[in-house]
Amino acid sequence: MTAHQGGCLCGAVRYETDGNPLWVTVCYCNFCQKSTGSDHMVEPVFDIGRLRFTSARPARFTLPSAGSGQDVHIHHCAACGTKLALSFAR
């Protein structure tokens, strides 16, 4: 059963989950501020096995975390640029 679904602005990339988030974080770090153009980012955190991309695969932009130095992967639509997910090397 699909609990949540969504996608990018142009509709090329779609996703769904079969469960609720493990937790929801509201983050005010510099990365999240730059990533959203706001003073914070709201991040529902899902078990990676419960999130599926159901159409086109997102593109991925990778950069090291300013805090840990570990890679942060930003998954986004290659066509419209909508940020869809973050994943981490750790």
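To start, this report covers the structure provided alongside it. In this text the structure is predicted, and so the values were computed from the model without any measurement.

1. Focus: the overall build of the chain
Assigned secondary structure in the chain consists of 1 helix and 8 strands. Radius of gyration (C-alpha) of the chain: 13 Å, near the 12 Å computed for a compact globule of 90 residues. The C-alpha extent of the chain, read off along each of the three principal axes, is 35 × 30 × 25 Å. In the chain, once contacts between residues fewer than 6 apart in sequence are set aside, the share between residues at least 24 apart is 37%. Here the chain displays about 5900 Å² of accessible surface, and carbon together with sulfur accounts for 53% of that area. A gap of 4 Å separates the mean positions of the 8 positive and 6 negative side-chain charges of the chain.

2. Focus: the nonpolar core
If you look at the biggest cluster of nonpolar residues, it comprises 6 residues: C8, V13, F53, C77, L84 and A85. Setting aside its immediate chain neighbours within four residues, C8 contacts V13, C77, C80, T82 and L84.

3. Section: the sheet that holds strand β6 (residues 59–64)
Strand order in this open sheet of 3 strands is β6-β7-β8, and the pairing throughout is antiparallel. Lying at the two open borders of the sheet, with one neighbouring strand each, are β6 and β8 (83–88). Going from strand to strand, the sheet's axes swing by 25° on average, the running direction of each strand aside. Both strand β7 (residues 71–76) and β8 contribute to a ladder of 5 bridges, which runs antiparallel. Directly across from V72, in β8, lies its bridge partner F88.

4. Quick word on the environment of Q5
Locating Q5 in the fold gives a position in strand β1 (residues 4–7). Once you skip the residues sitting within four places of it in the chain, Q5 turns out to touch R14, Y15 and E16.

5. Looking at the layout of surface pockets
In this approach the atoms are scanned with a rolling probe the size of a water molecule, which exposes any empty space left behind. Estimates place the volume of the largest pocket at around 1300 Å³. If you go around the largest pocket, you meet 43 residues; those closest to its centre are E43, A85, L86, S87 and F88. Here the lining of the largest pocket takes 6 residues from β8, the largest share from any one element. Tallied by class, the residues present in the lining of the largest pocket amount to 25 nonpolar, 11 polar and 7 charged.

6. So, the sheet that holds strand β5 (residues 51–53)
Judged by pairing direction, the sheet is antiparallel, and its 3 strands sit side by side in the order β1-β2-β5 without closing on themselves. Each end of this open sheet is capped by a strand with a single partner; those strands are β1 and β5. Within the sheet, the average angular offset between the axes of one strand and its neighbour, ignoring direction, is 20°. Relative to strand β2 (residues 14–17), β1 runs antiparallel, the two being bridged by 4 bridges. Bridge pairing in β2 links Q5 to E16.

Thresholds applied
Residues numbered from 1 in each chain as written. Predicted model: local features only at pLDDT ≥ 70, side-chain atom pairs only at ≥ 80, totals over all residues. Heavy atoms only, no water. Helix = DSSP H or I, 4+ residues; strand = E, 2+ residues; numbered from the N terminus. Rg over C-alpha atoms; globule rule 2.2 N^0.38 Å. Contact = heavy atoms within 4.5 Å. Areas by Shrake-Rupley, 256 points an atom, 1.4 Å probe, with all protein chains shown as cover. Lys, Arg positive; Asp, Glu negative; His and termini not counted. Charge placed at Lys NZ, Arg CZ, Asp CG, Glu CD. Core = buried A, V, L, I, M, F, W, Y, C linked by side-chain atoms within 4.5 Å. Buried < 20%, exposed > 50% of the residue type's maximum accessible area, 1.4 Å probe, protein only. Pairing = 2+ DSSP bridges. Axes fitted to C-alpha atoms, helices over the stretch in contact; angles between N-to-C directions. 1 Å grid on protein atoms, 1.4 Å probe; cavity = no way out; pocket = protein on both sides within 12 Å on 5 of 7 lines; lining within 4 Å. Points joined across faces, edges and corners; volume = space filled by probe spheres on them. Nonpolar A, V, L, I, M, F, W, Y, C, P; charged D, E, K, R; others polar.

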